[in-house]
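# Structure at a glance
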Amino acid sequence: MQIYMKRYRIYFFLIAALTMTSLTMTSCLDEHPKDQLDEEAIYGSASDIYTNAVASLYNYIGGTNESEGIQGTCRGIYDYNTLTTDEAMIPIRGGDWYDGGLWNAMYRHDWTADDEPLYDTWKYLYKVIVLANKSLDIIEAKSSLLTANQKDQFMAEVRAVRALMYYEAMDMFGRVPVVLSSGETALYANALGGDTGSLADATLPSVTAASLPLQSERSEVFHFVFSELQQVLPYLPDEHSNKEGNYYGRITQPVVNFLLAKLALNAEIYMFDDWTKGYAKRPKGKDIYFMVQTADGASLLNGGKASANRSKKLNAWETCIYYCDKLAEEGYDLEADDAFNFSTHNETSKENIFTIPMDKNIYTNQFHYLFRSYHYTHGGALGWGSENGTCATIATMKANRYGEADEDTRCKKNFVAGVVKVDGKELLMDNGKPLEYQPFEVAQNLTNSKYIKTAGARMAKYEVDRTSYMDGKLQSNDIVLFRYADVLLMKAEAKVRLGENGDVELNKIRARVGMPNRKATLANILEERLLELVWEGWRRQDLIRFGKFTAAYDLRTPLQGEESGYTTVFPIPQKCIDLNKKLVQNKGYKG
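Quick caveat: nothing in here was measured; it's all calculated off a predicted structure. All residue numbers refer to positions counted from 1 along the written sequence of the respective chain. In view of the model being predicted, local features appear only for residues whose pLDDT reaches at least 70, and side-chain atom pairs are presented and counted only at 80 or more, with totals across whole chains, interfaces and linings using the full set of residues. Here the side-chain values reflect all heavy atoms present in the structure, with hydrogen atoms and water set aside.

A few words on the overall build of the protein chain. Only DSSP runs of H or I with at least four residues qualify as helices, and only runs of E with at least two residues qualify as strands; both kinds are numbered from the N terminus onward. A count of helical and extended segments in the protein chain gives 21 helices and 12 strands. Residue contacts are counted whenever heavy atoms from the two residues lie within 4.5 Å of one another. Considering only contacts within the protein chain whose residues lie at least 6 apart along the sequence, 72% involve residues at least 24 apart. Using a 1.4 Å probe, accessible areas were evaluated by the Shrake-Rupley method; residue-level cover was limited to the displayed protein chains. Roughly 21500 Å² of accessible area belongs to the protein chain as shown, and the carbon and sulfur atoms make up 49% of that amount.

Glancing now at the side chain of threonine 252. Mapping threonine 252 onto the fold places it in the loop between helix 9 (218–232) and helix 10 (253–265). Ignoring any residue separated from it by four or fewer positions in sequence, one finds threonine 252 in contact with Leu236, Pro237, Glu239, Ser241 and Tyr247.

In what follows, salt bridge is the name for a side-chain nitrogen of Lys or Arg lying within 4 Å of a carboxyl oxygen of Asp or Glu. Applying the stated criterion across every chain yields a total of 49 salt bridges. Residues arginine 108 and aspartate 110 are paired through a salt bridge, measuring 3.2 Å at the closest nitrogen-oxygen approach. Only protein chains enter the accessibility calculation, which uses a 1.4 Å probe. A residue is then buried if its area is under 20% of the maximum for its type, exposed if over 50%, and partly exposed in between. Accessibility expressed as a relative area gives 27% for arginine 108, which makes it partly exposed. A salt bridge links arginine 512 to glutamate 532; the shortest N-O distance between them is 3.2 Å. Here the residue arginine 512 occupies a position in helix 18 (residues 503–512), and glutamate 532 occupies one in helix 19 (residues 522–533), the gap between them amounting to 20 residues. Salt bridges linked by common partners bring Glu351, Asp408, Arg410, Lys461, Arg483, Arg510, Arg512, Glu528, Glu532 and Glu536 together as one network.

The next subject is the packing of aromatic side chains. Pairing of aromatic rings covers Phe, Tyr and Trp, the last counted by its six-membered ring, and requires centre-to-centre distances within 6.5 Å; plane angles under 30 degrees mean stacked, over 60 mean edge-to-face, and any other angle means tilted. Under the criterion given, the structure shown has 26 aromatic pairs. Ring centres of tryptophan 122 and phenylalanine 173 lie 5.1 Å apart, and the angle between their planes is 75°; this geometry places the pair in the edge-to-face category. With tryptophan 122 in helix 6 (residues 116–141) and phenylalanine 173 in helix 7 (residues 148–173), this pair connects stretches of sequence that are 51 residues apart. Assigned by exposure class, tryptophan 122 and phenylalanine 173 land together as buried. Each ring, one from phenylalanine 222 and one from phenylalanine 290, has its centre 6.1 Å from the other, and the planes form 90°; the classification is edge-to-face.

To get an axis, fit a line to the C-alpha atoms, keeping to the stretch in contact for a helix; angles then go from 0 to 180 degrees between the N-to-C directions. Direction vectors running N to C along helix 7 and helix 9 enclose 155°, while the axes themselves pass 9 Å from each other. One finds that helix 7 runs roughly antiparallel with respect to helix 9. Here helix 7 runs over helix 9; the crossing is left-handed. Of the residues in helix 9, those touching helix 7 at Ala156, Arg159, Ala160, Arg162, Ala163, Tyr166, Tyr167, Met170 and Asp171 are Arg218, Val221, Phe222, Phe224, Val225, Glu228, Leu229, Gln231 and Val232. For this classification, under 35 degrees means roughly parallel, over 145 means roughly antiparallel, 65 to 115 means roughly perpendicular, and everything else is oblique. Crossing handedness follows the turn of the near helix against the far one: under a right angle anticlockwise gives a left-handed crossing, and clockwise gives a right-handed one.

Glancing now at helix 7. With 26 residues, helix 7 should cover 38 Å at 1.5 Å per step; its first-to-last C-alpha distance of 37 Å lies within 8% of that length. Following helix 7 by one or two positions, glycine 174 has its phi on the positive side, about 75°. By this rule, a helix spans an expected 1.5 Å times one less than how many residues it contains.

On to the confidence of the model for the protein chain. Of all residues in the protein chain, 86% attain a pLDDT of 70 or more, and the chain-wide mean is 89. Overall, residues 191–210 carries pLDDT values under 50, and its contacts beyond four positions in sequence, including any with other chains, amount to 53 contacts. A score from 0 to 100, pLDDT tells how confident the predictor is in each residue. Segment residues 296–308 is flagged for pLDDT under 50; beyond a separation of four residues in sequence, or across chains, it makes 32 contacts in the model.

A few words now on the packing of helix 18 against helix 19. At their nearest, the axes of helix 18 and helix 19 sit 11 Å apart, and the two run at 35° to each other. The chirality of how helix 18 crosses helix 19 is left-handed. Residues Leu506, Ile509, Arg510 and Arg512 of helix 18 form the contact with helix 19, whose own contacting residues are Glu528, Leu531 and Glu532.

Mapped onto the elements of the fold, lysine 142 is located in the loop between helix 6 and helix 7. Those residues in contact with lysine 142 that sit more than four places away from it in its chain are Glu40, Tyr43 and Ile49.

Phi at arginine 75 is positive, roughly 60°, even though this residue is not glycine. The backbone phi angle of aspartate 99 is positive, close to 50°, even though this residue is not glycine. Among the structural elements, aspartate 99 can be located in the loop between strand 1 (88–89) and helix 5 (102–108).

All right, on to the pairing of strand 4 (residues 352–356) then. With respect to burial, strand 4 is a largely interior element, five of its five residues being buried. For two strands to count as paired, DSSP must find a minimum of two bridges between them. Across four bridges, the pairing between strand 4 and strand 12 (residues 479–483) is antiparallel. Bridge assignment links threonine 355 to a residue of strand 12, and that residue is valine 480.

This part takes up helix 18. A large share of helix 18 lies buried, amounting to seven of its 10 residues. Those residues of helix 18 not exposed but buried are Asp503, Glu505, Leu506, Asn507, Ile509, Arg510 and Arg512. Tucked inside the fold, the buried residues of helix 18 contact strand 12, helix 17 (484–497) and helix 19.

By the element assignment, arginine 458 lies in strand 11 (residues 458–459). We classify arginine 458 as buried; its relative accessible area is 0%. Sequence spacing of arginine 458 and serine 373 is 85 residues, and the spatial spacing of their C-alpha atoms is 5.8 Å. Pairing of N or O atoms within 3.5 Å defines a polar contact, subject to two protein rules: one partner must be a possible hydrogen donor and the other a possible acceptor, and residues neighboring in sequence count only if both atoms are side-chain atoms. Among the polar contacts listed, one links the side chain of arginine 458 to the backbone oxygen of serine 373, at a separation of 2.7 Å. Within the structure, the side chain of arginine 458 is placed 3.1 Å from the backbone oxygen of lysine 453, a separation counted as a polar contact.

Its location among the elements puts leucine 522 in helix 19. It is 8.0 Å that separates the C-alpha atoms of leucine 522 and arginine 497, two residues lying 25 residues apart in sequence. Excluding residues that lie within four positions of it along the chain, leucine 522 makes contacts with Glu493, Val496, Arg497 and Phe546.

So, in structure tokens, the structure goes:
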């Protein structure tokens, strides 16, 4: 990829000894794995290498612990992308859900560098990055046991997992360190040639094993992630990874094409290194250019220049459309019934692109969000405990036209509202009254409300697995990360930003659910993204891209000085700065 509006130098800072005991130095981790197995025993064949150096990384896409996993758990990536927006919130319910002010601060954007969940999320992301770097070194060290194709394919898949984690880190924290495997130093040095500019022309300074990583600018990390994904793309299987089989849950070519489309769509934000100058000062997508369509997969894997063999120069919006079209070519389409994508056996969906596999008898990944949302009586009727927390905002229910004659048909699929029934029977609370969720009685603090326990429409979307374990957290429904409806909405938005008509893509989604056509304006697209993608973890990114995240919305008023845009990234955790004095706090935060 090249950015033609301006030339950037990228500095990659390497921790030469990327052993597991260096995790604290590299990423502010404070954990040290024990009882490590003998490497000769676990990397003795190609199959062993794939299982233990590649496939093992997928254990970290989902999670069981708080702040770990891209989705499914709490106090991590999903919550910081959902409960900080006009989509959903966790109100204070008397003695419940205060938690030191955590959830209220999320909604108000009043987070700090000392917040433990932000530190835990940073640790999670860099733990996976460091594990990926270790895997790359292992593959290189054991390459005599692999064919050339196996080595290329294994390394590509590991780099794709690592790029996904860097994408999440860049999206949340902006300026983050880029740490590579020890083996990549020589590969980059051979591929560079000393010029400056794009990733392929980066300058690599000399560092020692004791060096701590410095931060790269956000645009540099964006550049790195995009280039990495382009480079590994030809080496990945061209398979649908949401389907059970050899590629189930893996990063394949369609998953990378989705990520490349998403990156291009957000290029204005990710190329904006001084986001505190305000949204209006961001670079414009029509002036940000990419080179796409690698002809022969030249990459660092075979020593080729990363900038070679690209055949099309497209701006950000054209690039987004290009990768969206690739997904259509790969056979993805809308399911006739949108609810099927979230059903208990959604592995055959033709719409889902990347999922976290869930099987209560096989996997340990957990899905907490229904459990966290439902009232105690509601959970009890399903045979669960439940936490009576998360609910939709008033703004979300108004966008759905809840209770109106023109209510969106997706509303009843995505939310539980009004009198609650399970198996056709009304549920009665301990006081003998029917359990009735009140969508328009939400407040940031419900302590003095008569609806303290029942305010807010609750999460639905995922079919309730009545055979699940652990209060519904171990379910059969795969967790949906990427799906084709989002691809159509990305394409519609990119076309409108390009000055073209996006009506076809927008209204294909609306027709699927029996809603009338709408003009594809940016405002309508942003609302459609809420209606279609609610509970899927995209809202923060969407509001930032549309310049709405720091504005007043729903019950939230902006913080003093927030109009600068500083809250569009989170603060670098103070514990990380304390451990690594080369890290600099993001503007607008104390540190």
